[in-house]
Amino acid sequence: MKTADSGMGTEVDYLSDMGRAFGGALLFSLPLMMTMEMWALGVSAAPERRLAFVIAALPVLYGLAHYAGFSARRGLVNNSLDTLVALAVGFSASAALLAMFNVLDYSSLTSVVGQISLQAVPAALGALVARRQLSGDAEEGDEEEASYPGELFLMLAGALFFAMNLAPTEEMRLIAYLTTPSGALGLLVLSLLLLHIIVFEAGFAGQEEKESPLRAFLDFTLPGYALCLAASFAMLWVFGAVDGHGAGAVMANVVVLAFPAALGAAAARLLV
Amino acid sequence: MKMKSREKSVRGQLSWLQCVCAVLGLIVTAVAIAVLARSALADQRPPDLAIMSQTLRPVGAGWALEVRVVNSGDMTAAAVEIEGRVDGETSGATLDYIPGHGEKRATLVFSSAERPRARVRITGWSDP
């Protein structure tokens, strides 16, 4: 009897975790689901890039299940199960909403699957940071235990979390075209500066109490910004935004997107 | 600390709901990857567009000719321009995207009072 009660309690607990996961998925991915570029990209982006996007997301989602997650359970099995559950939540939430908005292109199987999977990945990401965002308990989350690579991973996750909502939009390209080389350079310096100030002020857990600003710059700001540049380039590549561009134009696009990415990375502790 | 104790209490007991949802997630993700991989690995033939059917109906402005455009290629065609001509009158419509093995509809309007016999053709498209 006692076992049955505790079994029931486990299910009820998990049900509330699932509710939180759906909340997180909607909170994060609704802006993307209501962005028309995302509907078109689900059809028009090269199939191998759509595939690469889904596959590359899996280890990131697993990492988030470990460091943030939507349930308090941890361990290899629980993290893997939660990653898959987050994907189930992401796929079902995006399929339902895109169908309700009537923006799905049913003309071929690849187009429907492409559109849904492109939205399901950010929705799963939102689901996996739900505990931090929606639990109401500021102490929720496991970042205290994060090692140095773990801290860098969290910065990457923060960068993706914040910049992914902007990456598919036409405005990012337009800003990259309109800005001058010195403007782009200024944006790069500003990104580094803000990233450094926020990271140093917020103080990562892996960071020594008496760490000097220079040390923090070398340990966190520079590698963090490099991750922002890499994440920005990867997102732009998936969305086909830098095809046929010269090196200068590619760099302008990457630097423009790396600005929100850097803010996301800096605020990683608040976001994920 | 509170979380730690909770973590301990739930460790080792997997939720039935969690397992079911994880299996669903695995299936859905595997299917999505399989569909995308099949299309990514297939030899990508360029768009091949054809007008498959036409239906004509009277409207306030004259006649509306609905055409169905089918893409039998593998790649997506963007900004597909369709042009229809009837004795000196030219009408046009643009379709944003026609995915590979997909189809879309467009409507051309002609102002003639009599039932028009239009020559409809696709004038061009671009890569997405």
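Below: a short report on this structure. Being a predicted model, the structure only gives us computed values, none of them experimental.

Within chain B, the secondary structure is distributed over two helices and six strands. For chain B, the succession of helices and strands along the chain, N to C, is α-α-β-β-β-β-β-β. Across the 128 residues of chain B, 38% fall into the buried class. Relative to all contacts within chain B whose residues are 6 or more apart in sequence, the contacts with residues 24 or more apart total 62%. Surface exposure of chain B reaches about 7,600 Å², of which carbon and sulfur atoms provide 56%.

Residue and element names in this part refer to chain B. Reading across from one edge, 1-2-5 is the order of the three strands in this open sheet, with antiparallel pairing throughout. Each having just a single partner strand, strand 1 (49-59) and strand 5 (103-110) make up the two edges of the open sheet. Taking each pair of neighbouring strands and ignoring which way they run, the sheet shows an average axis angle of 20°.

With that settled, consider the side chain of H196 of chain A. All names here are of chain A. With respect to the helices and strands, the residue H196 is situated in helix 9 (residues 181-202). Within the local environment of H196, its side chain forms a polar contact with the backbone oxygen of P213, the two atoms lying 3.5 Å apart. With sequence-adjacent residues up to four places away left out, H196 is seen in contact with P213, A216, F217 and T221.

Okay, the pattern of salt bridges next. Residues and elements named next belong to chain B. Under the defined criterion, the tally for this structure stands at nine salt bridges over all chains. Two residues, D74 and R45, come together in a salt bridge whose shortest N-O distance is 3.5 Å. Of this pair, D74 sits in the loop between strand 2 (62-71) and strand 3 (77-86) while R45 sits in the loop between helix 2 (16-41) and strand 1, and the two are 29 residues apart along the sequence. Given a relative accessible area of 42%, R45 falls into the partly exposed group. The salt bridge partner of E83 is R85, with a shortest N-O separation of 3.3 Å. By sharing partners, the salt bridges in this structure join E83, R85 and R121 into a single network.

Cut-offs and rules
- Residues numbered from 1 in each chain as written.
- Chains lettered and ligands numbered in written order.
- Predicted model: local features only at pLDDT ≥ 70, side-chain atom pairs only at ≥ 80, totals over all residues.
- Heavy atoms only, no water.
- Helix = DSSP H or I, 4+ residues; strand = E, 2+ residues; numbered from the N terminus.
- Buried < 20%, exposed > 50% of the residue type's maximum accessible area, 1.4 Å probe, protein only.
- Contact = heavy atoms within 4.5 Å.
- Areas by Shrake-Rupley, 256 points an atom, 1.4 Å probe, with all protein chains shown as cover.
- Pairing = 2+ DSSP bridges.
- Axes fitted to C-alpha atoms, helices over the stretch in contact; angles between N-to-C directions.
- Polar contact = N/O pair within 3.5 Å; in protein donor to acceptor, adjacent residues only side chain to side chain.
- Salt bridge = Lys/Arg side-chain N within 4 Å of Asp/Glu carboxyl O.

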